[in-house]
Amino acid sequence: MKNKFPLTRFQRWMEGAAWLLVATTVIFTASRWSALPKVMAIHYDAYGVADDWGGRWIIWILPVLLVVCCGLVSACTRLNLSALSLPFKPNMERELFILRAIRDMLCMVNLECAVLFSVLQMEMLTEVNLTLWFLWVMAGVTVATVVFGCWRAWKCNQGTL
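Computed from a prediction, not measured in an experiment: that's the story for all the values here. (Residues numbered from 1 in each chain as written. Predicted model: local features only at pLDDT ≥ 70, side-chain atom pairs only at ≥ 80, totals over all residues. Heavy atoms only, no water.)

Asker: Sorry, what's going on with the state of the cysteines here?
Answerer: Throughout this description, disulfide means a covalent bond between two cysteine sulfur atoms. Following the criterion strictly, the structure yields zero disulfides and no others. For the unlinked cysteine Cys107, the closest cysteine sulfur is that of Cys76, found at 11 Å. The buried category is assigned to Cys107, whose relative accessible area is 0%. Unpaired in this structure, Cys113 has its nearest cysteine sulfur neighbour in Cys69, at a distance of 4.5 Å. (Disulfide = S-S within 2.5 Å. Buried < 20%, exposed > 50% of the residue type's maximum accessible area, 1.4 Å probe, protein only.)

Asker: Please clarify how the confidence of the model for the protein chain should be interpreted in this entry.
Answerer: Where the model shows low pLDDT, its predicted coordinates should not be examined in detail. On average, residues of the protein chain carry a pLDDT of 86, and 96% of them reach 70 or more. Mean pLDDT across the elements of the protein chain ranges from a minimum in strand β1 (residues 39-44), with 77, to a maximum in helix α1 (residues 9-32), with 94. (pLDDT = per-residue confidence, 0-100. Helix = DSSP H or I, 4+ residues; strand = E, 2+ residues; numbered from the N terminus.)

Asker: Please clarify how the packing of aromatic side chains should be interpreted in this entry.
Answerer: When we look at a pair of aromatic rings, we describe it by the centre distance and by the angle of the planes. Under the counting rule described, the total for this entry stands at two aromatic pairs. On the numbers, 6.3 Å between centres and 45° between planes, the contact of Trp33 with Trp60 is tilted. Pair noted here: Trp33 is in the loop between α1 and β1 and Trp60 is in the loop between β2 (50-55) and α2 (61-77), with a separation of 27 residues, a long-range link. A relative accessible area of 26% places Trp33 in the partly exposed class. (Phe/Tyr/Trp six-rings, centres within 6.5 Å; stacked < 30°, edge-to-face > 60°.)

Dropping the structure here:
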């Protein structure tokens, strides 16, 4: 079934940026493959000492998860309002506004997911430590995006936004 409301320019830009990050992450991982040792530390204890080891193939887990996550969120942005499970009964007269709010939120979450996974992957491959503060910032930004997106869709449904 063809979607009667195509993605907006903003949504296409956000999705394009997310997929550009996905491609960059995969290419960067492939370019670093030959420099990686055959056996790598895959877990560290609280003191920063390696306590678990694995093969270098483990470095492909984040890029694969990134492709899957971004693919699923991108697929969700193509759904019609009737295919979505919402916490409120949608007013079909306001379908375009509700769908746009939900798609904006999904496209932003997609880009945030791509940024998070890409930075974590780059950190693992280059041994730059950003994890502690970066995870909290990204978690906060993503939660704020989802809360704002749901609030915006709800207000659009009421006709007050």
